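Commentary on secondary and tertiary structure
Below are the chains, spelled out letter by letter.
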Amino acid sequence: MSMWESESEAAAGREYGGGILTSTKHGVKIEGFHQRGNSWYVSADIPSDLQVQIGEANFHLHKYPLLSRSGKLNRILYDSRNPDLNKIAMDDLPGGPEAFELAAKFSYGVAIDLTAGNISGLRCAAEYLEMTEDLEEGNLIFKTEAFLSYVVLSSWRDSIVVLKSCEKLSPWAENLQIVRRCSESIAWKACANPKGIRWAYTGRAPKVSSPKWNEMKDSSPSRNQLVPPDWWFEDVSILRIDHFVRVTTAIKVKGMRFELIGAGIMHYATKWLPGLGNDAAIAVEETSINNGNNSSSSGSDGSWKGGLHMIVAAGTRDETSSLQAKDQRMVIESLISIIPPQKDSVSCSFLLRLLRMANMLKVAHALITDLEKRVGMQFEQASLNDLLIPCYSKSETMYDVDLVQRLLEHFLVQEQVEGSSPSRQQSLSDKLVGSSLNAKARVARLVDSYLTEVSRDRNLSLTKFQVLAEALPESARTSDDGLYRAIDSYLKAHPTLTEHERKRLCRVMDCQKLSIDACMHAAQNERLPIRVVVQVLFSEQVKISNALANNNSLKGGGVESQFQPIITNRKTLLEGTPQSFQEGWSTAKKDINTLKFELESVKTKYLELQHDMENLQKQFDKVMKQKHTSAWTSGWKKLSKLTKMTNVENHDIANHIPTSEEQNRKTTRRWRNSIS
């Protein structure tokens, strides 16, 4: 009994005679078949009178054994109207020379060995040759169909092997329902309770270089051995993508858990799409695709080591690269279409890597949009490395910022839909609300890290940066430290920004959400506008005052219940600082002294800045007054000055010329003086 077979499978094989087929009737006594080069000959007393050519192989046979069992050969000879016809070409026979050899031996009554490897080709060849029961009872179609139904479909391993062999038999295997029946058989066994599995299967190897059946290790579960739920992954992953889709669809119909189906899809994708494994493989894939898109190719030989095992020869590098891209595109499109719709059926990292390859290989836009929506459903699980997707379209930016913007929009729409659904509102609890806020907070930190990374790109426009930074609601960020780092990085990479553009950039940040460390850094940051620095200083002063007030209340009240929130607040404000209030009152006093010193320094800086601002304001007012003074007003001022000068002169002249009354007064005064 084969190590692949169970007891029931072996019994089925014994009932069918071990897979040995013989034909009881034949009209020519032969000693056997022998091969010379590409030709087959029958050792018989009667010379051959019919030559059948299939590809490069030639079969020298006799008409009677073949015509008695093959309706197609009968019709070919009848339609030719030539009884002496002795050569027939059948290049389109499914299964090729190997299948026809078995069919010819069966026609002569020679025993043939039916196996899972040759049964599909022989069944298709029998259908092509029309070896039906109308010509003779127990013909080849009946025998091969019985072997498929009673032996192959009852065996896990044989069903996999037969389905694998159907890859070269399209469309015959599809039309004869071999693919459908094998897929159903595999699906039923994959959905079976692992505790009841007694057949052998291929275990998941720790490292598999290629999907080759003969390189896999077989493992047969014992009576007491626990079978893992993913026992079928490795066996199914050797199938071609269209057959894998058929099996996965059948497994879905049988009701398997969507998490397990998603894990099987990820295992298959990792094997057939090497670029999903790691960043180095992705870089190799991108280089390979780019080289395939370019017209120039080097003369040295190269090879692409992936799941498809394509060898690139000199002179055909471009053609092979395009064929490789076409095959991978087909794999990606098929996988996207069968991913279960439930959230968390596959990991977000897998979806983003699949999205990266889909953009690189120019997958259909509708499938990419569907994949983007799937990423948005679980965007909070993404990592920064997976988000750094290069821009494969004609764009000046290094990374695809528009793609991340769309992913974020899908995430926000999904959150809004889940929050507004009646079923969710009825069962909504504080825990669900908290998880939603935590998801937005994680996405906010992720977006801030992404902005910090892409801000170093000199071609990134201010508008794209601002739109992505403002896409999240204000409640998503509990701290704007990450956003400040991104803004500072953008200012470093874009030193030519105008004052207006810098103010516009800093508008996306809330200074009140900055920690003390961030405030201290921003207060000394020469790249920030002066108005932003003043806002930061005010915010910093308020934070320090609140911290001191809370500490004084701790000293006065001594309430331990108020101590823990300040510890958490302090740890949040001073990230990475070794000092904390958790070390006791001695450490707390040191922190208080430090804060007092910082407060004094901040006050000093604030007074200096206030003095500078007053001076600047005075200078600004002077400049504005001079600028707003018109020529008309200046002319009026000159005229008024001239009028004043004329009045003064007239007044002086009038003072020098005394009037008659004044003269009389003077005379009278003199007379009075003289009298006295």
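I will try to describe carefully the structure that is included in this document. If you're wondering where the values come from, they're calculated on a predicted model, not measured in any experiment.

1. Looking at empty space enclosed by the protein
Any empty space left between atoms is shown by rolling a water-sized probe over those atoms. Overall, the coordinates contain two cavities of 30 Å³ or more when judged by the stated rule. Roughly 50 Å³ of volume is contained in the largest cavity. In terms of lining residues, the largest cavity is bounded by Leu66, Arg69, Ser70, Leu73, Phe100, Ala103, Ala104, Ser107, Leu129 and Met131.

2. Brief notes about unusual backbone geometry
Following serine 170, the chain continues to proline 171 via a peptide bond in cis, the omega torsion being 0 degrees. Structurally, proline 171 can be placed in the loop between α7 (156-165) and α8 (172-175). Its identity is not glycine, yet glutamine 177 carries a phi of approximately 65 degrees, on the positive side. Tracing the backbone shows glutamine 177 in the loop between α8 and α9 (178-190).

3. What to know about the pattern of salt bridges
Applying the stated rule across the entire model yields 22 salt bridges. Residues aspartate 402 and lysine 464 are paired through a salt bridge, measuring 3.5 Å at the closest nitrogen-oxygen approach. Of the two residues, aspartate 402 is situated in helix α18 (residues 401-420) and lysine 464 in helix α21 (residues 462-469); the sequence distance between them amounts to 62 residues. On the accessibility criterion, lysine 464 (26% relative accessible area) is partly exposed. Several salt bridges share partner residues, and in doing so they unite Arg123, Glu127, Glu145 and Arg181 into one network.

4. Topic: the packing of helix α22 (residues 481-493) against helix α23 (residues 499-506)
Across the interface, α22 lies against α23 with an axial gap of 10 Å and an inter-helix angle of 160 degrees. With respect to their mutual orientation, α22 and α23 come out roughly antiparallel. The handedness of the crossing between α22 and α23 comes out as right-handed. Here α22 contributes Ile487, Tyr490 and Leu491 to the contact with α23, which in turn contributes Arg502, Leu505 and Cys506. In the contact of α22 with α23, the residues fall into five nonpolar, no polar and one charged.

Quick notes on the rules
- Residues numbered from 1 in each chain as written.
- Predicted model: local features only at pLDDT ≥ 70, side-chain atom pairs only at ≥ 80, totals over all residues.
- Heavy atoms only, no water.
- 1 Å grid on protein atoms, 1.4 Å probe; cavity = no way out; pocket = protein on both sides within 12 Å on 5 of 7 lines; lining within 4 Å.
- Points joined across faces, edges and corners; volume = space filled by probe spheres on them.
- Helix = DSSP H or I, 4+ residues; strand = E, 2+ residues; numbered from the N terminus.
- Salt bridge = Lys/Arg side-chain N within 4 Å of Asp/Glu carboxyl O.
- Buried < 20%, exposed > 50% of the residue type's maximum accessible area, 1.4 Å probe, protein only.
- Axes fitted to C-alpha atoms, helices over the stretch in contact; angles between N-to-C directions.
- Parallel < 35°, antiparallel > 145°, perpendicular 65-115°, else oblique.
- Left-handed = near helix turned anticlockwise from the far one by under 90°.
- Contact = heavy atoms within 4.5 Å.
- Nonpolar A, V, L, I, M, F, W, Y, C, P; charged D, E, K, R; others polar.

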